[in-house]
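Structural characterization, general
Here is how the chains run, residue by residue.
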Amino acid sequence: MKKRIFSGAQPTGQLHLGNYLGALKNWVALQNEYESFFCIVNLHAITLPQDPQVLRQKTLDLARIYLAAGLDPEVSTIFIQSDIAEHAELTWVLSCSSRMGELERMTQFKDKGKGNSERAGVGLFTYPVLMAADILLYQTHLVPVGKDQKQHLELARDLAERFNRDFGRTFVVPDPFIPPVGANILSLQEPAKKMSKSDENPNGAIFLLDDPDTITKKIKRAVTDSGTTVEYDEARPAISNLLTIYHLMTGRTIEESQAHFEGRGYGHFKAELAEAVVEFLKPFQEKAQSYTDDELNRILKAGAEKARVIARETLRDVYAKMGIVGAV
Ligand code: TYM
């Protein structure tokens, strides 16, 4: 039996190169080796207010992005979170064994709740429990994510272990898969921060659907550190970030890339980087645009049917172990 992977992204904002390099690229690379589940987590999206019309559209658009990145619906199960009611049900069960203290420690809650627990939504607080439910429902072995999700993964592991201890072996305890390079792509404008969908400054992120002109402008405007050489150096996060993007886009190693740009300045490097990103995203964007809504809906429906069988089996086991029985 193949081991399982599960991962997902939120249908909010626009997906950017960080999402692709930190997560989607690895999903594609791993999908054949594992039994794979990739979810569009629309219930996570409503932890912050969403326009219903936009959310509906973005849910389908995210399926386009998954397919354009190379997820193969014949190989991977691709589905929408809200199609499987068990995600919300298991969240309730797990929230009963989660501790306020451990959720309060989640850095994403602190960031997104802006440290104001009086006003922050409860959904933002329990967000990682829903994420744990996503993962544990499918008896997941490996969860490929970027570095910002590491703490949430630790919570999922803790909740699985706690449940197994209290009720007997029920859940596989998942391991994170965080790539050694690309797990934390930084903002082009503020390299102390990650590239983010919710950044107020759109120049900080290269979105996967940006046109060539926009990409070139954003890279030209990207901040650089003092110094002139194109070299990877942890003390120079801005240039190291750009070099990492170049390496991951072109497949040239960091050493080869440094050798290639030796004796050339930032201007030359940025022009070549922009070209590499534009070249990479061109076929990606063409593919994303090639799916009709009907095709996407068919894929997502078939995915939900497969996912539901496994989710039901896990939840039934959870309820049986806990003594939760109904009359019908
Ligand atoms: P989301 O939608 O914010 O991001 C999707 C994936 O992209 C990764 N990522 C990055 N990687 C590298 N550099 C960056 N700057 C960068 N920004 C984002 C994220 O780590 C993520 O892997 N909570 C999750 C969605 C989720 C999930 C799950 C993931 C819900 N349930 C179960 C795995 C398993 C999130 O908000 O991802």
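Structure report, in brief. (Residues numbered from 1 in each chain as written. Predicted model: local features only at pLDDT ≥ 70, side-chain atom pairs only at ≥ 80, totals over all residues. Heavy atoms only, no water.)

Within the secondary structure, Lys218 is located in helix α9 (residues 212-221). In terms of polar contacts, Lys218 uses its side chain to reach the backbone carbonyl oxygen of Pro202, at 3.2 Å. Once residues within four sequence positions are removed from consideration, Lys218 is found in contact with Leu188, Pro202, Asn203, Ala205, Ile206, Phe207 and Asp210. (Helix = DSSP H or I, 4+ residues; strand = E, 2+ residues; numbered from the N terminus. Polar contact = N/O pair within 3.5 Å; in protein donor to acceptor, adjacent residues only side chain to side chain. Contact = heavy atoms within 4.5 Å.)

With that settled, consider the site of the ligand. Surveying the vicinity of the ligand reveals 28 residues, the closest of which are Tyr127, Asp134, Asp148, Ile185 and Lys197. Between Asp148 and the ligand, the recorded distance is 2.4 Å, taken from a side-chain N or O atom to an oxygen atom. Protein burial of the ligand: of its 720 Å² of free accessible surface, 97% is covered by the chains. Going through the elements one at a time, β1 (4-9), α1 (17-30) and α7 (122-137) are the ones with two or more residues in the shell around the ligand. Residue classes in the shell around the ligand are distributed as 12 nonpolar, 12 polar and 4 charged. (Near = heavy atom within 4 Å. Areas by Shrake-Rupley, 256 points an atom, 1.4 Å probe, with all protein chains shown as cover. Nonpolar A, V, L, I, M, F, W, Y, C, P; charged D, E, K, R; others polar.)

Let's shift gears to the nonpolar core. By size, the foremost hydrophobic cluster in this structure holds 58 residues, and its most contacted members are Leu24, Tyr66, Ile245, Phe269 and Val277. Counting residues per element, this core draws most heavily on helix α12 (residues 266-289), at 10 residues. Two domains each put at least three residues into this core: domain 1 (4-178 + 293-322) and domain 2 (202-288). Apart from residues no more than four positions distant in its own chain, Leu24 is found in contact with Leu15, Asn19, Ile65, Tyr66 and Ala69. (Core = buried A, V, L, I, M, F, W, Y, C linked by side-chain atoms within 4.5 Å. Buried < 20%, exposed > 50% of the residue type's maximum accessible area, 1.4 Å probe, protein only. Domains from an automatic or database assignment.)

Applying the stated criterion to the full structure yields 1 cavity of 30 Å³ or more. The calculated volume of the largest cavity comes to roughly 50 Å³. Along its surface, the largest cavity is lined by Met106, Gln108, Phe109, Lys112, Leu124, Tyr127, Pro128 and His152. Of all the secondary-structure elements, those providing two or more residues to the lining of the largest cavity are α6 (107-112) and α7. Looking at side-chain class alone, the lining of the largest cavity contains 5 nonpolar, 2 polar and 1 charged residues. (1 Å grid on protein atoms, 1.4 Å probe; cavity = no way out; pocket = protein on both sides within 12 Å on 5 of 7 lines; lining within 4 Å. Points joined across faces, edges and corners; volume = space filled by probe spheres on them.)

Turning our eyes to something else, we now look at the layout of surface pockets. Reported here for the second largest pocket is a volume of approximately 340 Å³. Lining of the second largest pocket is provided by 15 residues; of these, Asn184, Leu186, Tyr232, Glu234 and Thr244 occupy positions nearest its centre. When residues of the lining of the second largest pocket are assigned to their parent elements, the largest contribution, 4 residues, is made by helix α10 (residues 237-250). For the lining of the second largest pocket, the per-class residue count stands at 8 nonpolar, 5 polar and 2 charged.

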